Amino acid sequence: MTRDEPFETDRPDQALSLSQALLEPRIVIENTLPVLDGGLFAVKAVVGAPVQVSSKVYADGHDALAVMLNWRQAHGRRWHCVPMRFAGNDLWQAEFTVSEQGRHLFSIEAWIDPFATYCHDLEKKLSAGVAVELELQEGLLLIEHNIGRSDGPLRDQLQALYQHLPGLPSQEQVALLLHPDTALLMAEAEHRTYLSRSPEYPLDVERLQAQFASWYELFPRSITDDPQRHGTFNDVHERLPMIRDMGFDVLYFPPIHPIGVRHRKGRNNALQAEPDDPGSPYAIGGVEGGHEAIHPQLGSREDFRRLLAAAAEHGLEIALDFAIQCSQDHPWLKEHPGWFSWRPDGSIRYAENPPKKYQDIVNVDFYAADSVPALWLALRDVVVGWVKEGVNSFRVDNPHTKPLPFWQWLIANVRSQYPQVIFLAEAFTQPAMMARLGKVGYSQSYTYFTWRNTKAELQSYFEELNQAPWRYCYRPNFFVNTPDINPYFLHESGRAGFLIRAALAAMGSGLWGMYSGFELCEATPVPGKEEYLDSEKYQLCPRDFTQPGNIIAEIAQLNRIRRQNPALQTHLGVAFYQAWNDNILYFGKRTAARDNFILIAVSLDPHNAQETHFELPLWELGLDDNADTFGEDLMSGHRWTWHGKTQWMRIEPWHLPFAIWRIEKAL
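Residues numbered from 1 in each chain as written. Predicted model: local features only at pLDDT ≥ 70, side-chain atom pairs only at ≥ 80, totals over all residues. Heavy atoms only, no water.

Looking now at the overall build of the protein. Looking only at helices and strands, the protein features 18 helices and 28 strands. If you line up the protein on its principal axes, its C-alpha atoms span 100 × 70 × 60 Å. Here the protein holds 667 residues, and 55% of them are scored as buried. For the protein, contacts bridging at least 24 residues in sequence account for 73% of all contacts bridging at least 6. Split by element, the accessible area of the protein, about 30600 Å² in all, is 51% carbon and sulfur. A gap of 4 Å separates the mean positions of the 60 positive and 84 negative side-chain charges of the protein. (Helix = DSSP H or I, 4+ residues; strand = E, 2+ residues; numbered from the N terminus. Buried < 20%, exposed > 50% of the residue type's maximum accessible area, 1.4 Å probe, protein only. Contact = heavy atoms within 4.5 Å. Areas by Shrake-Rupley, 256 points an atom, 1.4 Å probe, with all protein chains shown as cover. Lys, Arg positive; Asp, Glu negative; His and termini not counted. Charge placed at Lys NZ, Arg CZ, Asp CG, Glu CD.)

So this is what it looks like as structure tokens:
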């Protein structure tokens, strides 16, 4: 048999040449988690919370492997490392905790460990009763080999071990060779044969409030005792104690900037405004200024600074709305007309979402010739300007209608200087886009929770958010209502309906929020629509926050329970258990160590009592079906002992439409 050319070639059309094969790693590192899109985007983490890492690592043959997890700051040079644990079936696991905010990197490296292989084989032969005299000599040779490539104290310790071993009886030599201290010395001296490294994967580490916080939204202009008097920042001071006492962390304001006059909207979104109508705060910009300015009726910049300081004294941080649209009076239209789109007749193109029309606002054109890069830099400077004032959280209006590359650049640029800044995406759109916003840098996002009502819908959605890739890139903020969304469920469900939605949100995610008036069970809709009649977006809405029928005490207790139980401080760690009633959603939130285990049962029926048998997840506590457990009602403080797995509950919505229990092993 003859050939016209050698069997091995370096032709580019060949899958793998010999020269390439000789350079390929012998050890496989694959299926590493948590990783997003092969490392294209950073996985989310928070300061002080363990990052769980796993990977499939294997090689040919039966040699033992050593696998190490490494991590560092993206702009740092010092690597930290921790050995990974073998969990069976080629799976290796480890965790690390980051103490600083900002971008980090992690990677995995693996190598064949000759001494670990030797120890494994030695133990097998001992167990089989095989003579090991020759193996003892091999152990000495391995130590001698490592002495030759060590120095300092390590070399001295290995040399002492090498000299001490031969004088011992065989049984003592075996014990010393298999001792963990010997393994540590040999590992430190190991040359790391056939070393393989994974790529470096990015990790975005934020402060805890990116994962765990309770948001409260209000319009400062409505904090007034007279519907004819515009509220001010100074008026908001009187609301701070009650917002704090309800357990909220973040006080969020819609835009606080000057409001345009041309095409100003009137009450209930009327196209024609009356002279005293305040207009929509989302029509940003007037003669007083644009996105960097404060509406003069709200107060001065000094008033705003005093409010920031007062809020901080109450344990609250103030979040602002970053809404990029402009009114037709915004200074940018005169200063930078090239940043906008103009129609053939010379008129400006106002915002539309057919059939909805927003004549009072216009959108910028991110890719107009004059916009790149000037508009991008101007918007970045708006955010940085408010950060310098002390604002560290921003709710971003409709980010999915702006270019993704813009957000990826802006968020990274801002957070490279100010890593404490949090961006909340007000994105109600397709799932892929919502996930992508998380990938490009948004800390958290509004969600579909608002429209999930049935047991099947809620369970499916909660479980979806716990799966990859969502769990790595998307933190859900379960807002129960917004100025734009008055959910159908609340229209006729009464006080019980509001409690149902509050419990689902507060227990379902580490992040939840409510718009002012929810605690008063406000729900009067525009007939047939998920909109508020007499919407606060277009008029002042003074409120009596002490009126009967409010759910302020229950909200305060929900937030107190969240603070006291780590299992509730994230949307992760949820599991659904058996309750034989489709009107009762029954689930658990638990820490990885099961040292904090919370059970939640919510009736989804705001009108009728519901009852059912249900199962306690005793198996998750390592208990048999007949074991005793301690239960505590976290709303009332009542305690008891459960006997066995199967229990019974009855929920009466006129009392409380949900139950929250802490379960523990009986002593």
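Let's shift gears to the side chain of aspartate 113. By secondary structure assignment, the location of aspartate 113 is in the loop between strand E8 (102-112) and helix H2 (114-128). One polar contact links the side chain of aspartate 113 to the main-chain amide nitrogen of alanine 116, over a distance of 3.0 Å. Those residues in contact with aspartate 113 that lie beyond four places of it in its chain are Ala64, Leu65, Ala66 and Glu190. (Polar contact = N/O pair within 3.5 Å; in protein donor to acceptor, adjacent residues only side chain to side chain.)

Reading across from one edge, E18-E17-E16-E13-E12-E11-E20-E19 is the order of the eight strands in this open sheet, with parallel pairing throughout. The sheet is open, and its two borders are formed by strand E18 (444-445) and strand E19 (477-479), each paired with just one other strand. Bridging between strand E16 (residues 393-397) and strand E17 (residues 422-426) involves five bridges; their strand directions are parallel. Looking at the pairing, serine 393 lines up with isoleucine 422 of E17. Relative to the sheet, helix H12 (residues 404-417) contacts strand E13 (317-322), E16 and E17, its axis offset from that of E17 by approximately 155°. (Pairing = 2+ DSSP bridges. Axes fitted to C-alpha atoms, helices over the stretch in contact; angles between N-to-C directions.)

Here we take up the sheet that holds strand E7 (residues 91-97). Strand order in this open sheet of four strands is E1-E3-E7-E6, and the pairing throughout is antiparallel. At either end of the open sheet lies a strand with only one pairing partner, and these are strand E1 (27-33) and strand E6 (85-88). With strand direction ignored, the average angle separating the axes of adjacent strands in the sheet is 35°. Direction of pairing for E1 relative to strand E3 (residues 50-59): antiparallel, over a ladder of five bridges. Residue pairing in the sheet places isoleucine 29 in a bridge with valine 57 of E3.

Burial analysis of strand E22 (residues 584-590) places seven of its seven residues in the buried class, which makes it a mostly covered element. Burial of E22 is two-sided: the residues Ile584, Tyr586, Gly588 and Arg590 facing one way and the residues Leu585, Phe587 and Lys589 facing the other way are all buried. Pairing geometry for strand E21 (residues 574-576) and E22, over three bridges, is antiparallel. Each residue of the ladder has a partner; that of alanine 575, found in E22, is glycine 588. Inspection of the sheet shows E22 paired to strand E23 (residues 597-603) by seven bridges, in the antiparallel sense. Pairing of isoleucine 584 across the sheet is with serine 603, part of E23. Between E22 and E23, which pair antiparallel one after the other, the connecting turn spans six residues, and arginine 594 there sits at a positive phi close to 60°.

So, about the packing of aromatic side chains. Tallied over the entire structure, the rule returns 42 aromatic pairs. On the numbers, 5.6 Å between centres and 80° between planes, the contact of phenylalanine 304 with tryptophan 386 is edge-to-face. Within this pair, whereas phenylalanine 304 is found in helix H9 (residues 301-313), its partner tryptophan 386 is found in helix H11 (residues 374-389), the two being separated by 82 residues in sequence. Across this residue pair, the class does not change: phenylalanine 304 and tryptophan 386 are buried. (Phe/Tyr/Trp six-rings, centres within 6.5 Å; stacked < 30°, edge-to-face > 60°.)

Tracing the backbone through its elements, the reader meets serine 393 in strand E16. Engagement of the side chain of serine 393 in a polar contact is seen with the side chain of arginine 207, the distance being 3.4 Å. Other than its neighbours up to four places away in sequence, serine 393 contacts Arg207, Trp215, Glu317, Ile318, Ala319, Leu320 and Ile422.

With that settled, consider the packing of helix H3 (residues 133-147) against helix H4 (residues 152-164). Packed helix pairs are specified by the crossing angle of their axes together with the interaxial distance, meaning the distance between the axes. Relative to each other, H3 and H4 sit at 155°, their axes nearing to 9 Å. Relative to H4, the element H3 is oriented roughly antiparallel. The chirality of how H3 crosses H4 is left-handed. Residue-level inspection shows Leu140, Ile143, Glu144, Asn146 and Ile147 of H3 in contact with H4, the latter providing Arg155, Leu158, Gln159, Leu161 and Tyr162. Looking at the contact of H3 with H4 residue by residue, the class counts come to six nonpolar, two polar and two charged. (Parallel < 35°, antiparallel > 145°, perpendicular 65-115°, else oblique. Left-handed = near helix turned anticlockwise from the far one by under 90°. Nonpolar A, V, L, I, M, F, W, Y, C, P; charged D, E, K, R; others polar.)

So, about H12. Helix length check: H12, at 14 residues, gives a terminal C-alpha distance of 20 Å against a target of 20 Å (1.5 Å per residue), a fit within 8%. Turning to H12, its buried residues are Phe406, Trp407, Leu410, Ile411, Asn413, Val414 and Arg415. Contacts from the buried residues of H12 go to strand E10 (201-206), E13, H11, E16, E17 and helix H13 (431-439). (Expected span 1.5 Å × (residues − 1).)

Within the fold, asparagine 565 resides in the loop between helix H18 (552-564) and E21. By relative accessible area, which is 1% here, asparagine 565 ends up buried. Setting aside anything within four residues of it in sequence, one finds asparagine 565 in contact with Asn596, Ile598, Leu634 and Arg662. Here the side chain of asparagine 565 touches isoleucine 561 through a polar contact of 2.9 Å, landing on its backbone oxygen. Side chain to side chain, asparagine 565 and arginine 662 meet in a polar contact 2.7 Å long.

Among the nonpolar cores identified, the biggest contains 135 residues, and Phe253, Phe394, Trp407, Phe423, Trp512 and Ile660 are the most heavily contacted of them. Residues Cys119, Ile147, Leu161 and Ala189 belong to the second largest nonpolar core, which totals 19 residues. (Core = buried A, V, L, I, M, F, W, Y, C linked by side-chain atoms within 4.5 Å.)

We now examine the UniProt feature "site: Transition state stabilizer" (unreviewed entry) in the protein. Under the UniProt annotation, the feature "site: Transition state stabilizer" (unreviewed entry) is placed at Asp484. Here aspartate 484 shows up in the loop between E19 and helix H16 (488-491). When its relative accessible area of 32% is taken as the criterion, aspartate 484 is described as partly exposed. The residues contacting aspartate 484, other than those within four sequence positions of it, are Glu426, Glu530, Glu531 and Lys537. (UniProt positions renumbered as here; feature names shortened; annotations may be inferred.)

On to the UniProt feature "active site" (unreviewed entry) in the protein. In the numbering used here, UniProt assigns the feature "active site" (unreviewed entry) to Asp397 and Glu426. Over a stretch of 30 residues, the named residues converge on one spot in the fold, their C-alpha atoms separated by at most 5.4 Å. In this fold, aspartate 397 is placed in strand E16. Residue contacts for aspartate 397: discarding those within four places in its chain leaves Tyr282, Asp321, Phe322, Ala323, Gln325, Lys402 and Glu426.

On to the confidence of the model for the protein, then. A low pLDDT means the predicted coordinates there should not be read in detail. Model confidence for the protein is summarised by a mean pLDDT of 95, while 98% of its residues fall at 70 or above. Confidence over residues 5-10 falls short of pLDDT 50; this stretch has eight contacts with residues more than four positions distant or in other chains. (pLDDT = per-residue confidence, 0-100.)

Looking now at helix H6 (residues 180-189). An α-helix turns once every 3.6 residues. As a result, residues three or four positions apart point the same way. Those residues of H6 lying buried are Thr182, Leu185, Met186 and Ala189. Buried residues in H6, looked at end-on, bunch into an arc of 95°, giving them a common side. Exposed and oriented more than 90 degrees from the buried face of H6 are Pro180, Leu184 and Glu188. Each element contacted by the buried residues of H6 is listed here: H2, H3, H4 and helix H5 (170-177). (Arc of directions from axis to C-beta.)

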